[in-house]
Amino acid sequence: VTSISKVFPAPSFAPSFGIVRVGKIGAVLSTSVPLKRDANTKITGLPPRSGVGSTGETPLTDQYKFDEAKAGYDANGLDPETLVLDKARNVLWTSDEYGPFIARLNIATGVVEKKYAPGPGATDLPAVLAQRRPNRGMEGLTLDVASGVLHGFLQSPIDPRDANGKSIKAKPPGGSNTDVRHIAKFTRWLAFDPATETSKLYAYPIDGSQYDKDRTGNAKLGDMVSLGNGRFIVIEQGARKGDGKVFNKLMLVELPANATDIKAFDHNLEISSITQAPSNGVDYSTVVTMRKTELLDLNVLGWLAEKAEGLTIVDDQTLALVNDNDFGLGTVLLAADGTRLAGSVEECTAAVDGQLSGCPAGATRARITRGSDLERPTRIWLIKLDRKLSDLRLPAS
């Protein structure tokens, strides 16, 4: 049996948060607090083995081996993707790619005080969120201060599976049967109210014509900030049409007052969005989706990194944006004589002992290496707009 795997060069690494101060000498991390299960036990970034939160990914060491003792699983593991300061409750919130989970963090100690997961219970996150693609869980989170409601989203459309674990397909008009995860017309946007521990879901539309192979699944949403009153700024990015290179944009997004809560709809809503017909009684054409318009093209501004993944508000005219540098690491494929080869290790299959097969021609080994000099630095951008964020509005529809 094969499974998706992920390499952990430093399995004991604990996700942490800290304060970054920006001044004359640049951006400096002045504090760092590791996330903890309890007062004495740090959590890791390793995935849960099974059950709620498991992505089915096998953690491998940097030798591409499965070693239970060194890089096993962590039932409390988190892959946190964002951080939200909740002044009213004096806590931090983070969302994660595994569960996907939303976790409440003690601001002083880093202890995970409560973790919300997809499930059938009234206070669980909507169960459909568990159908997120591996490594495409909840990427962004923000707080609408006025309502106290947290908003987050799945990075890409869901990947519903059949009883055999195969991705479910759907057929667009005039097209061919394709995995739902590749061409669903929207991704799921979550509104979670910590006061009542209840959720709503909305449809964030994605235009496949902007993306490589016309696939909405090539979209990877980054982070988001709330502007209040149902308005948000969202990082939207992914492999673009034409050359497949990643583009990075900021979108101005609105949650209409009459937006449809799609929490009760399963993956048939995604299927209906593809077929443009009702699926099992569910009709996407009746759904009032979120609205959006392009605010900034980051690449035109000179954005360098592949992934823009952290966004926050500095003041009413300034945004702060940070990239994901993947710890400054990359992977390379090697021939038997050590020559570097083109291609990706993601095309390979790793046996328990680390032996690789199915790689691009001639590749027999892979190793973790220094990432590209363009991607290695963590850069913080301060973007000052020519108008107040509170004045931003979408064009009338």
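Bear in mind that the values here come from a model prediction, so they are computed numbers and not experimental data. (Residues numbered from 1 in each chain as written. Predicted model: local features only at pLDDT ≥ 70, side-chain atom pairs only at ≥ 80, totals over all residues. Heavy atoms only, no water.)

I would appreciate a short explanation of unusual backbone geometry in the present structure.
Leaving glycine out, the prevailing phi sign among residues is negative, and the prevailing peptide bond configuration is trans. Following Gly99, the chain continues to Pro100 via a peptide bond in cis, the omega torsion being -5 degrees. Among the secondary structure elements, Pro100 is positioned in the loop between strand E10 (91-95) and strand E11 (102-106). Despite not being glycine, Asn229 has its phi angle at roughly 55 degrees, a positive value. Relative to the helices and strands, Asn229 resides in the loop between strand E19 (224-228) and strand E20 (231-239). Backbone geometry places Asn280, a non-glycine residue, at a positive phi of 55 degrees. In this fold, Asn280 is placed in the loop between helix H3 (268-275) and strand E22 (291-297). (Helix = DSSP H or I, 4+ residues; strand = E, 2+ residues; numbered from the N terminus.)

Would you mind going over the pairing of strand E4 (residues 26-29) with me for this structure?
Within a regular beta strand, the side chains point alternately toward one face of the sheet and then the other, so they alternate between its two faces. The sheet contact formed by strand E3 (residues 20-23) and E4 spans four bridges and is antiparallel. The partner of Gly23 across the bridge, within E4, is Gly26. (Pairing = 2+ DSSP bridges.)

Could you clarify how one ought to interpret the pairing of E19 in this entry?
For E19, the tally of buried residues reaches five of five residues, placing the bulk of the element in the interior. What you see with E19 is no split at all: Met224, Ser226 and Gly228 on one side and Val225 and Leu227 on the other are buried throughout. Bridging between E19 and E20 involves four bridges; their strand directions are antiparallel. Along E20, the bridge assignment pairs Val225 with Ile233. Between E19 and E20, which pair antiparallel and follow one another directly, the connecting turn spans two residues, one of which, Asn229, has a positive phi of 55 degrees. (Buried < 20%, exposed > 50% of the residue type's maximum accessible area, 1.4 Å probe, protein only.)

Quick question: what am I supposed to make of the state of the cysteines here?
As used here, a disulfide is simply a covalent bond connecting the sulfur atoms of two cysteines. Inspection of the entire model under this criterion finds one disulfide. Each sulfur in the disulfide pair Cys348 and Cys359 lies 2.1 Å from the other. In this structure the cystine formed by Cys348 and Cys359 twists about its S-S bond by roughly 130 degrees; its chirality is therefore right-handed. Highlighted residues: Cys348 in the loop between strand E26 (340-341) and strand E27 (349-350) and Cys359 in the loop between strand E28 (356-357) and strand E29 (365-370), separated in sequence by 11 residues. This pair shows no difference in class: Cys348 is buried, exactly as Cys359 is. (Disulfide = S-S within 2.5 Å.)

On their own, these measurements won't tell you what the molecule is for.
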